[in-house]
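Residue-level listing of the chains:
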Amino acid sequence: MIPVIALVGRPNVGKSTLFNQLTKSRDALVADYSGLTRDRKYGNANYEGRKFVVVDTGGISGDEQGIDRGMADQSLAAIEEADRVFFLVDCRAGMTATDEMIAEHLRSVNKPVYLVVNKIDGLHAEAQSAEFFALGLGELHLIAASHGRGIKQLIEDALEDIPESVVEEDEEDDAARGIRMAIVGRPNVGKSTLVNRLLGEDRVVVYDHPGTTRDSIYIDYERNDQSYTIIDTAGVRRRKSIRETVEKFSIVKSLQAIDDANVVVLVMDASEGLVDQDLHLLGHCIKRGRALVVALNKWDGLPEEQRDYVKKELNRRLVFLDYADIHFISALHGTGVGHLYESIDAAYESATQKLNTNQVTRILEDAVATHPPPLVNGRRIKLRYAHAGGQNPPLIVIHGNQTDKVPASYVRYLEKTFRRVLKLAGTPLRLEFKGNE
Ligand code: GDP
Ligand code: GDP
């Protein structure tokens, strides 16, 4: 289980600077929720060999009149999702009333809070940070985020009781468990109803077992001799315990389910149309290269105008999503649910098929012969051979000369050609170019 750390504090204390330090590596940013939940940003951090998710919460300005109302909802949500909270204060600015307000709230939260005193560079850190002891949050962690100072120690302190190596499930085990599909979507779109429907089908044999990743539940079952595992973010089969109240939507949980899946079934509510949160989840699926099936749920009883409207919206807003099948279903009545499997199976097959070097090279040669790449500075771009670079999503590596100059339109042409000839469905395809000069 990968720990989640939330960064909180008032604006300008250095939260984004620390966030950037922790997520420096390429592709670290997993989701930017600006505009949706103010500034909430999620990053995958791999810092000195420690893996965790870091959430930057924007800021709590203190102008919001009282911590209860004022602490931005998104900060509260981030704290709730987190395993650790880093509360940042500014050593240069000294302690402020807002710091005290935030501290008061954090003292009431039942989570490990680390008081991080930032911007100690050029200061007599020990002396000038001492006033922050008054916040009543224990030990001070002195850092200079912009200089990278103190961060390693902070991470070690915060994560010391969490085992360092997250055990990766081995591939063989994955294969044995069949198609792993994550059922994701914002609250109330019908995920639970759909999961129950999928499991309630005839000839489904369920092997229930409690979840491993965060709060998602993994449910194994078999249908027509094919094994599936549903990654259930809605917590349908969660064992009822006294502590469990209403299932809460968690972005971290959804992101992790997407990461852990072979195929994502993204559920949207047709009666409400497409909303930003749907598109953010979709964006994440695309970024992670996940095979995808879109289920427009609650299609039952929708007036004709709404159906037309939703279809238009899909065309307008999902133009870039040309690879995913879209199903119009009613999880409540079961209409169209069985057909989801056709797309899920096909997407899984496409995403995980082993590509053969000869075959992809031949497709490349044919594509180049039909429609040669353009001249650049009087010299023609040469694309010589291709080989498979990975699965889920499939990656094709293309070798040649001046490959850094291949225009985007030509990349799209190649992608389309590979897609068509290899009969890829439901999965993105990635092309990588390698040059000799
Ligand atoms: P946020 O609003 O909490 O996300 O704060 P930022 O990360 O945007 O930082 C606010 C300002 O403080 C920026 O001008 C940073 O360059 C500066 N800053 C951040 N960390 C440090 C530090 O360790 N030392 C100094 N001197 N400045 C810092
Ligand atoms: P979740 O929060 O995404 O798990 O959503 P639920 O499965 O709990 O469903 C939210 C509400 O939508 C419930 O009242 C369901 O009965 C209703 N619902 C789910 N699927 C459908 C559907 O296909 N049609 C209609 N009309 N209502 C549905």
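Nothing here was measured: the structure is a model prediction, and the numbers come from that model. (Residues numbered from 1 in each chain as written. Chains lettered and ligands numbered in written order. Predicted model: local features only at pLDDT ≥ 70, side-chain atom pairs only at ≥ 80, totals over all residues.)

Caption draft 1: The overall build of the protein, seen in detail. Helix and strand content of the protein: 14 helices and 19 strands. Of all 437 residues assigned to the protein, the portion counted as buried reaches 40%. A fraction of 71% describes how many contacts in the protein between residues 6 or more apart in sequence connect residues 24 or more apart. (Helix = DSSP H or I, 4+ residues; strand = E, 2+ residues; numbered from the N terminus. Buried ≥ 20, exposed ≤ 12 C-beta atoms within 10 Å, placed from the backbone. Contact = placed C-beta atoms within 7 Å.)

Caption draft 2: Spatial organisation of helix α1 (residues 15-22). Burial in α1 covers these residues: Lys15, Thr17, Leu18, Phe19 and Leu22. Summarising the contacts, the buried residues of α1 are in contact with β1 (4-8), β3 (41-47), β4 (50-56) and β5 (84-90).

Caption draft 3: Structural context of the pairing of strand β10 (residues 217-223). Bridge count for β10 against strand β11 (residues 226-232) is 7 bridges, and the pairing is antiparallel. Bridging across to β11, Glu222 finds its partner in Ser227. (Pairing = 2+ DSSP bridges.)

Caption draft 4: The site of ligand 1, seen in detail. The full set close to ligand 1 counts 16 residues, and Gly14, Lys15, Ser16, Thr17 and Ala144 are the nearest of them. Take the shell around ligand 1: its biggest share by element is 3 residues, from α1. Tallied by class, the residues present in the shell around ligand 1 amount to 4 nonpolar, 9 polar and 3 charged. (Near = placed C-beta within 6 Å. Nonpolar A, V, L, I, M, F, W, Y, C, P; charged D, E, K, R; others polar.)

Caption draft 5: How the structure looks around the nonpolar core. Formed by 109 residues in total, the largest nonpolar core has its most connected members in Phe87, Met181, Ile183, Val263, Val265 and Leu266. Those residues within four positions of Leu266 in sequence are excluded, and the remaining contacts are Val184, Gly185, Leu281, Leu282, Cys285, Leu292, Val294 and Ala295. (Core = buried A, V, L, I, M, F, W, Y, C linked by C-beta atoms within 7 Å.)

Caption draft 6: Here's a closer look at helix α12 (residues 337-352). In this model α12 runs 23 Å from its N-terminal to its C-terminal C-alpha over 16 residues, within 8% of the 22 Å that 1.5 Å per residue would give. The inward-facing, buried residues of α12 contact β8 (179-184), α8 (191-200), β12 (263-269), β13 (291-297) and β14 (325-328). (Expected span 1.5 Å × (residues − 1).)

Caption draft 7: Just the confidence of the model for the protein, in detail. When pLDDT is averaged along the protein, the result is 83, and 81% of the positions lie at 70 or above. Note on residues 26-38: pLDDT is under 50 here. Beyond four places in sequence and across chains, it has 28 contacts. (pLDDT = per-residue confidence, 0-100.)

Caption draft 8: Broad picture of the site of ligand 2. Near ligand 2, the surroundings consist of 15 residues, among which Gly190, Lys191, Ser192, Thr193 and Leu332 are the closest. Split into classes, the residues belonging to the shell around ligand 2 amount to 5 nonpolar, 7 polar and 3 charged.

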